[in-house]
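Secondary and tertiary structure notes
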Amino acid sequence: MRIKWLTLFFCLIAVLGPEPGYSLDDRQFIIKADAYLAEGSYLEAIGAYRVLRELSADPEIQALSLLKTANIYALLLKDYPRALEEYAILIRGYERSEHARQAMISSGMVLYETGRNREALEQFRLYLRKYPAGEQRELASLMLDLIQRGESLPRRVEAFTRPAVDETIRVLVGRDPAPVTISSQGALKVAVREEGKIMENLSSVSVDLRDDSLYLEGKRIEGDRITVTNGGGNLLRLNGRSYRGRLIVKKGAGVIELINELPLEWYLYGVVPREMSPRWPLEALKAQAVAARTYAFYLKGRSNSPDYHLCATTMSQVYSGAGFETEDTNRAVDETRGELLYFRGMPVLAYFHAHSGGITEDPKDVWFAQVPYMKAVADSFSMKAPSSAWAVTLDYETIRRSLNRAGIDLGAIERIAPLEISPSGRVTRLKVVHQGGESVLSGNEFRLRIDPKLIRSTLFALTDTGGAVTIEGRGYGHGVGMSQWGAQVMAREGYSYREILKYYYPEVEVR
């Protein structure tokens, strides 16, 4: 008897949803972490679950956070050793939790999948011995039988090649209240999937959502989505923006979800000029195109949503359709067509940011996430860019209100001080002393919960003046991966896009 890979997938993924019954503050953190996960911000999700684990007083929430973190490593980052470490912490430290039982089964499946059959055997035996009436007893018994008979899972070889010429991607471009109107200079073709209905030769089409049903041109339809294309190759217009490809209008929870499906390279036409200034040198734009393509291709391969692969905001990467395209940014995409960043034969999760402030950061010092191909790199190029330094003064009450709104319940603040500094000089943890006690936050969580436009990075020095703090820093963004300003300076100094990428991702291959 053989078990398909999806058995492992569903065994692990089943616990990624939100859990009921937690306090309001804990639930806010769970919702935020789950949102990161759903949108493909995997490292941010790990960081959010870690904060939840450290701040919550509820052992069940701590266990849940560990389990979700381990699942991200196992399913989405394919870092099986790290996943097993997280499962082991959960199993040892939270023995009475149902999440620990799930971790025992999941770690057994990972051990088996990676060829460590003897250890997997012991894990399944341990589960049956400790939890003879457990919900996963049938799976544990089945796996024991499978291993003892010497059968193995069909190995899934994850060897990637370049994206195909016709590679497509689906992007969530909006969740809008109804109605919406799509138009074009050419004739539209509108299809309703469930009804097999097609309407042609329309110059515009209106879709409404009423009583949990979609209405096409005022008439109720049975299906949950409508697909709009333009056979003549003209752009589609929606909410004042133009889009290549086709638009899918889908019924959501009280809103209409708008999804743009189009070739990957066309998608990049709309990403590069939104993530980097089109006026910058071509080699910098080409580096951005490769990083953005790799990031999108990675998320497409890992997406859990059946409807779209990534969103059009900073939660994934910014995409605004065809209206922002320029000749130079399109050229950057065309001249790097299909090229990706690889680590050990697989595409990487290619993060980038605006400005490093002089040194990039290791993800473990931002989100507590281990990623072998992204490490801190000394970045003198970014220091040559303008507007590296910044400063802001915030009073205690402003900070307290911001953190309370974010679900961190504080009394009147008495003192704020950095607690840990990373090797790059970034604040990894800080302590807030208040009337309710002491709260320790990650530097990144503090920055995001206050205002990332004010506290632009965690590369800062904090001075507490009593009643307020002055924060002086450098750089903009999380600091992980490629510095876009650094890429611009490197390009102006004559470096090629490949040299730029190798500098910021030193252990990857560009092909």
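Residues numbered from 1 in each chain as written. Predicted model: local features only at pLDDT ≥ 70, side-chain atom pairs only at ≥ 80, totals over all residues. Heavy atoms only, no water.

This next bit is on the sheet that holds strand E22 (residues 509-510). Picture the strands of a sheet paired through backbone hydrogen bonds; they go either parallel or antiparallel. If you trace the three strands from one edge of the open sheet to the other, you get E13-E12-E22, paired in antiparallel fashion. Only two strands of the sheet have a single neighbouring strand rather than two, namely strand E13 (346-347) and E22. As paired elements, strand E12 (residues 341-343) and E13 share two bridges and run antiparallel to each other. In the strand pairing of E13, phenylalanine 343 is matched with methionine 346. (Pairing = 2+ DSSP bridges. Helix = DSSP H or I, 4+ residues; strand = E, 2+ residues; numbered from the N terminus.)

Its place among the elements puts threonine 314 in the loop between strand E11 (310-311) and helix H11 (327-334). For threonine 314, a relative accessible area of 69% corresponds to the exposed category. With 273 residues separating them in the primary sequence, threonine 314 and serine 41 have C-alpha atoms 9.6 Å apart. (Buried < 20%, exposed > 50% of the residue type's maximum accessible area, 1.4 Å probe, protein only.)

Tyr267, Leu349, Met482 and Tyr505 are the most contacted members of the largest nonpolar core, which totals 124 residues. Here this core gets twelve residues from one element, more than from any other, and that element is helix H10 (residues 282-302). Excluding residues that lie within four positions of it along the chain, methionine 482 makes contacts with Ala287, Gln288, Ala291, Tyr351, Phe352, His353, Ala487, Ile500, Leu501, Tyr504 and Tyr505. Of all hydrophobic cores here, the second largest spans 27 residues; its members include Trp390, Ile399, Leu403 and Phe446. (Core = buried A, V, L, I, M, F, W, Y, C linked by side-chain atoms within 4.5 Å. Contact = heavy atoms within 4.5 Å.)

Across the sheet, three strands lie side by side as E15-E20-E19; this open sheet has antiparallel pairing. The strands lining the two open edges of the sheet, one partner per strand, are strand E15 (389-395) and strand E19 (460-464). Recorded for the sheet is a direction-independent mean angle of 15° between the axes of neighbouring strands. Pairing analysis gives five bridges linking E19 to strand E20 (residues 468-474), with the strands arranged antiparallel. Bridge pairing in E20 links phenylalanine 460 to glycine 473. Strands E15, E19 and E20 of the sheet are contacted by helix H13 (residues 396-405), whose axis makes an angle of about 90° with E15. (Axes fitted to C-alpha atoms, helices over the stretch in contact; angles between N-to-C directions.)

Note that glutamate 60 resides in helix H4 (residues 59-76). In this structure glutamate 60 comes out as partly exposed when scored by relative accessible area, which is 30%. Taking C-alpha positions, glutamate 60 is 30 Å from asparagine 117, a pair spaced 57 residues apart along the chain. Separated by 3.0 Å, the side chains of glutamate 60 and serine 97 make a polar contact. (Polar contact = N/O pair within 3.5 Å; in protein donor to acceptor, adjacent residues only side chain to side chain.)

That is the geometry; function is a separate question.
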